[in-house]
Amino acid sequence: MTAIQRQAVSPVAHLSAEDIETLGHELDAIREQIVGSRGERDAAYIRKVIETQRRLELASRAVLLVSLFPPAWLAGTVGLSIAKILENMEIGHNVMHGQWDWMRDPAIHSSTWEWDNATPSDAWKHSHNQVHHKYTNVLGKDNDLGYGIMRVDEDQRWSKFYLGQPLYNFLNACLFEYGIAAYDLEIGKVLKGRGDKVEFKEKAKGALRKIKKQATRDYLLHPLLSGPSFLPTLAANATANLARNLWTHSVIMCGHFPKGVETFTRASIVDETRGEWYLRQMLGAGNISGRNALHMMTGNLSFQIEHHLYPDLPSNRYKEIAPKVQEIFERYGLNYVTGSFPKQLGSAWATVFRLALPNNGIAGLVKTERPARPEPEAKPALAA
Amino acid sequence: MAILDATPAPRLKTAATRLARLVVTPLVPEDFLDLFNPLTSPARLRAKVVEVRPETRDAVTLVLQPGRGWRGHVAGQYIRVGVDVDGVRHWRAYSLTEPPRPDGRLTITVKAIADGVVSNHLVRRSRPGLLLMIDQATGEFTLPAQRPAKALFLTAGSGVTPVMGMLRDGLPDLDDVVMVHCAPTADDVIYGGELRHLAATSGLQLIERHDDTHGMLRIEQLAELVPDFAERETWVCGPTGLLDAAESHWSEHGISDRMHTERFRPTIVIAGEGGRVTFAKSDVTIDADAGTPILAAGEAAGILMPFGCRMGICMGCVLPLREGVVRDLRNGELTTAVEGDGVKIQTCISAAAGECHIDL
């Protein structure tokens, strides 16, 4: 990836400012259609998913009480892993986006939901909903581009630190929920001496309190309840958390790091119009193709493009609007990035490995002097 | 809640509750209890419809089994009922139409009103098994423990519902009761059969006024129907027109202290352009125009408003609208809240479309 403003031929060079505004209106119309047809069917959907998830979690944890028996351990661990993934993805992530706020049910509302993840919902909603979704793929603004520990774009300056990024990425994947918690706390900023220390301490306390509760639940209480199955249950819970971490990390990598997903310069979003914002969301995300089970397990983030266009529309409707969105991509000559899970994940990992080195590869390592950074153009708006 | 004089039993219970909460964190034990029986949780009061009884062509009585947290009621009181209509929760107040029953069940009677989202839904689509949210009973529209020597009930339409609760409860103790009830026709009288039976078998003096044959009752005509109305302790419930007329009539006679009224606010809110916005906790009231988001209007008035993306995607600015109507600046969609609703709105994309009360 290179910010589209610095590419020799911009992928949006063929679109006029009017085209982009018309495109925005077309996307608004799709949104209105969904907003106007939200109803009982959708409400029944999310309630069913929540109920199923809770039943699965309860059953899995019950089976794990006798996890001394290997079949029980296996069934319980698989069940709990799936339950935890559903809880984070199709339920937690989407509820906290306000996708279900329209139901006016305080029990399924972005302002009240808390999820089974190390990071408290308030911190996550800020860094994810407010920063990442507003400034999607804007270099220097959207910290999700590498989470501050990786270089995932040619335009991010290389340093020796990034040589280890395949390893950092793997470790982050294993401990993803803690990685997110640290990320939401903006630990990097504080380490560099920036950021409000008092606020940080307050937030860190909140996160630690939550981590303590969750760790007590998974690594002490449930194992204790299992009596002689103490250790197998502890191992099962750890495995389920690891599986959930690896899976969610992989899904999220597929959303923004695969080949074909574009990035943008900071200057390009000055005075950005609604049409330009939509266009950036279209180009800044990638989908995963697959069957319904995959969509469910990714929390419909397999429709990452649709999610970025309409972060607050109910996730069960993304599949329905995807063909309409794709048709707009085609008509406006834009690249709808999608591919199978292995393909997209492989592509994202390839980026992580490739950009661990300087842009000019091994050769750049020999002479570690920084190559001159190209200056952004004066008004590199999205429209050429 | 702190337990000051903690005996071992409550302390044990508190410890057990804390442990149970930790076992299921970040959820609460009720979330799992709900899977088996949604009526077990005392913290989340709900009621299950166990019977649907037609009353007239556009009114039904719902027999409800309340959940474990139900704290009881007095005949004449009402409950707020939360109903999901096309996926969206709405709250409305309905009178309890019976005194406490031995089987612990409650009854409400719902009359479908024109364009009434909730009433039509409940009348046409209620089935046994339907789950409703409810609040505890409230209201002062009840019979005093010391029963009045002479009583008058003046009701119209579904205004009969709280009075029916009182009659079913207190009729045996009331020596002299007159009831004037107005409805379009004899068939439209809710509980018509039961009222007529009571009139025939007990001391109830029932005066039915059918608008189609007698014309609409004018309050001045009351003296003809009930010459001693001024001596009677009176309960009035019905449409706003009847209540307003009765209130001024009783006030003119200097007997307002003998009258009790029950008013269920009409939920019709007329949307306009802009409006007065009150931030209750901040004690600030401003005039906001139709083009300015409430977030910006509040900030301009110096209120520390919660904010986020300022473009309607992050839900960082969401605040409860206690009462009022706002317009979504993106598509013109109106969101209305009536007292007690507390609809959460995104202030960054919502402009006032009438008088608004924001909980901040």
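Just so you know, these numbers come straight off a predicted model, no measurement behind them.

Engineer: Describe the overall build of chain B, listing the residues and the values that go with them.
Structural biologist: The helix and strand inventory of chain B stands at nine helices and 18 strands. Projecting the C-alpha coordinates of chain B onto the three principal axes gives extents of approximately 65 × 55 × 40 Å. Taken across its 360 residues, chain B has 37% of its residues classed as buried. For chain B, restricting intrachain contacts to residue pairs at least 6 apart in sequence, the fraction spanning at least 24 positions comes to 66%.

Engineer: Break down the overall build of chain A for me, citing the residues and quoting the values.
Structural biologist: Within chain A one finds 15 helices and zero strands. Its C-alpha atoms give chain A a radius of gyration of 22 Å, within 12% of the compact-globule value 21 Å for 384 residues. Projected onto its principal axes, the C-alpha positions of chain A cover 65 × 55 × 40 Å. In chain A, which comprises 384 residues, the proportion classed as buried is 46%. Counted over contacts in chain A with a minimum sequence separation of 6, partners at least 24 positions apart contribute 71%.

Engineer: So what about the interface of chain A and chain B? Which residues, and what values?
Structural biologist: A common way to state how big an interface is: give the accessible area lost once the parts meet. The partner chain B presents 23 residues to the 35 residues of chain A that form the contact. Every element with two or more residues in the side of chain A that touches chain B is listed here: helix 2 (40-64), helix 4 (121-132) and helix 8 (197-225) of chain A. Broken down by element, the residue count for the side of chain A that touches chain B peaks at seven residues, all from helix 2 of chain A. Here the side of chain A that touches chain B is built from residues that sort into seven nonpolar, eleven polar and 17 charged.

Engineer: Would you mind going over the packing of helix 4 of chain A against helix 6 (residues 176-184) of chain A in detail, with residue names and values included?
Structural biologist: Residues and elements named next belong to chain A. Two numbers describe how helix 4 lies on helix 6: the axes approach to 9 Å, and their chain directions differ by 75°. Compared by their axis directions, helix 4 and helix 6 come out roughly perpendicular. Only Ile180, Tyr183 and Asp184 of helix 6 make contact with helix 4, whose side of the interface consists of Ala123, Trp124 and Ser127.

Engineer: Provide a residue-level description of the environment of Ile255 of chain B, including the pertinent values.
Structural biologist: All names here are of chain B. Mapped onto the fold, Ile255 is located in the loop between helix 8 (240-252) and strand 11 (259-262). Spatially, the C-alpha atoms of Ile255 and Glu233 are 9.4 Å apart, while their sequence positions differ by 22 residues. With residues up to four places along the chain from it excluded, the contact list for Ile255 reads Ala230 and Trp250.

Engineer: So what's going on with the pairing of strand 15 (residues 334-337) of chain B? Which residues, and what values?
Structural biologist: Residue and element names in this part refer to chain B. Side chains Thr335 and Ala337 of strand 15 all project onto a buried face; the interleaved residues Leu334 and Thr336 project onto a face where none is buried. When strand 14 (residues 318-328) meets strand 15, the two strands line up antiparallel, connected through four bridges. In the sheet register, Val325 faces strand 15, and the bridge partner there is Thr336. Between the antiparallel neighbours strand 14 and strand 15 lie five residues, among them Gly332 with a positive phi of about 80°.

Conventions we followed
Residues numbered from 1 in each chain as written. Chains lettered and ligands numbered in written order. Predicted model: local features only at pLDDT ≥ 70, side-chain atom pairs only at ≥ 80, totals over all residues. Helix = DSSP H or I, 4+ residues; strand = E, 2+ residues; numbered from the N terminus. Buried ≥ 20, exposed ≤ 12 C-beta atoms within 10 Å, placed from the backbone. Contact = placed C-beta atoms within 7 Å. Rg over C-alpha atoms; globule rule 2.2 N^0.38 Å. Nonpolar A, V, L, I, M, F, W, Y, C, P; charged D, E, K, R; others polar. Axes fitted to C-alpha atoms, helices over the stretch in contact; angles between N-to-C directions. Parallel < 35°, antiparallel > 145°, perpendicular 65-115°, else oblique. Pairing = 2+ DSSP bridges.

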